[in-house]
Amino acid sequence: MTVDTATAAEHAWISRAIELATSNVAEGGGPFGALIVRDGEIVATGTNRVTPDLDPTAHAEVTAIRNACRALGDYGLRGCVLVTSCEPCPMCLASALWARVDRIVFAADRDDAAAAGFDDRAFHDALRDPAACPVPVQRIDSADRNAAFAAWSAKADRVDY
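Residues numbered from 1 in each chain as written. Predicted model: local features only at pLDDT ≥ 70, side-chain atom pairs only at ≥ 80, totals over all residues. Heavy atoms only, no water.

1. Notes on a nonpolar patch on the surface
To keep it simple, the criterion reads: For patches, a residue must show more than 30% relative accessible area and have no salt bridge; joins then use 9 Å for like charges and 5 Å for nonpolar side chains, namely Val, Leu, Ile, Met, Phe, Trp and Tyr. Computed with the Shrake-Rupley method and a 1.4 Å probe, the accessible areas treat only the protein chains shown as cover for residues. Salt bridges are defined by distance alone: a side-chain nitrogen of Lys or Arg within 4 Å of a carboxyl oxygen of Asp or Glu. The helix and strand labels rest on DSSP assignments: H or I over at least four residues marks a helix, E over at least two residues marks a strand, and numbering proceeds from the N terminus. Accessibility here uses a 1.4 Å probe with only protein chains present; expressed as a share of the type maximum, an area under 20% marks a residue as buried, one over 50% as exposed, and anything in between as partly exposed.
Together, Tyr75, Trp98, Trp152, Val159 and Tyr161 give the surface a local cluster of nonpolar side chains, amounting to about 630 Å² of exposed area. Residue placement: Tyr161 occurs in the segment after helix H7 (147-154). We classify Tyr161 as exposed; its relative accessible area is 61%.

2. A look at the nonpolar core
Note the threshold: Nonpolar cores are built from buried Ala, Val, Leu, Ile, Met, Phe, Trp, Tyr and Cys residues. Side-chain atoms within 4.5 Å join them into one set. Note on definitions: a residue-residue contact is assigned when non-hydrogen atoms from the two residues lie within 4.5 Å.
Core analysis: the largest hydrophobic core is formed by 17 residues, its most contacted members being Ile36, Ile65 and Leu77. Here this core gets 5 residues from one element, more than from any other, and that element is helix H3 (residues 60-72). Those residues in contact with Ile65 that sit more than four places away from it in its chain are Ile36, Leu77, Ser95, Ala96 and Ala99.

3. Observations regarding the pairing of strand E1 (residues 33-38)
Our working definition: Any two strands are treated as partners once DSSP identifies two or more bridges connecting them.
Summarising burial for E1: 5 of the 6 residues are buried, a large majority. In the sheet, E1 pairs with strand E2 (residues 41-47) via 6 bridges, with the strands oriented antiparallel. Within E2, the position partnered with Val37 by the bridge is Ile42. Following E1, the chain reverses through 2 residues before pairing antiparallel with E2; Asp39 in that reversal takes a positive phi of roughly 50°. As paired elements, E1 and strand E3 (residues 80-86) share 5 bridges and run antiparallel to each other. Bridge pairing links Ala34 to Thr84 in E3.

4. A few points about the sheet that holds E2
Definition in use: Angles here are taken between N-to-C directions and fall from 0 to 180 degrees, while the axes themselves are lines fitted to C-alpha atoms, restricted in helices to the stretch in contact.
One open sheet holds the 4 strands; their spatial order is E2-E1-E3-E4, and the pairing between them is mixed. Since the sheet does not close on itself, it has two edges, and those belong to E2 and strand E4 (103-108), each with one partner. If you compare each strand with its neighbour and ignore which way they point, the axes differ by 20° on average.

Given below as structure tokens:
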């Protein structure tokens, strides 16, 4: 038996993410919603906009991250919690890691998503075992492969992230 240790605020955030996801379906988007919370306050929300925006990266979590970064005027989300209606797919998880969120909480899991037709197991598997990747990935050697990195390293006014 799993003991629920979530706070009342966390339950409220999850409920809000699920509300966003559910209302997004009626608006033509996918059944996913997310929020970014900092210091107990919702900074930004996002819904899945993949089909309305014709953008395969417009998942709810990525949309919420983009909106929060704009709202906070920062590319990093340290001190923030990503709250999402469903377990993040590998892209969304990687986006949250790049944004440096402190924590991620979700409601439905990948099996619930798969039962609804959103099965990203192949992507999870590809991260665990690159040989399982459903798309060929190949490195092509090039003498100037590090030119952009050299330019970056030499740039005195770069903003490290």
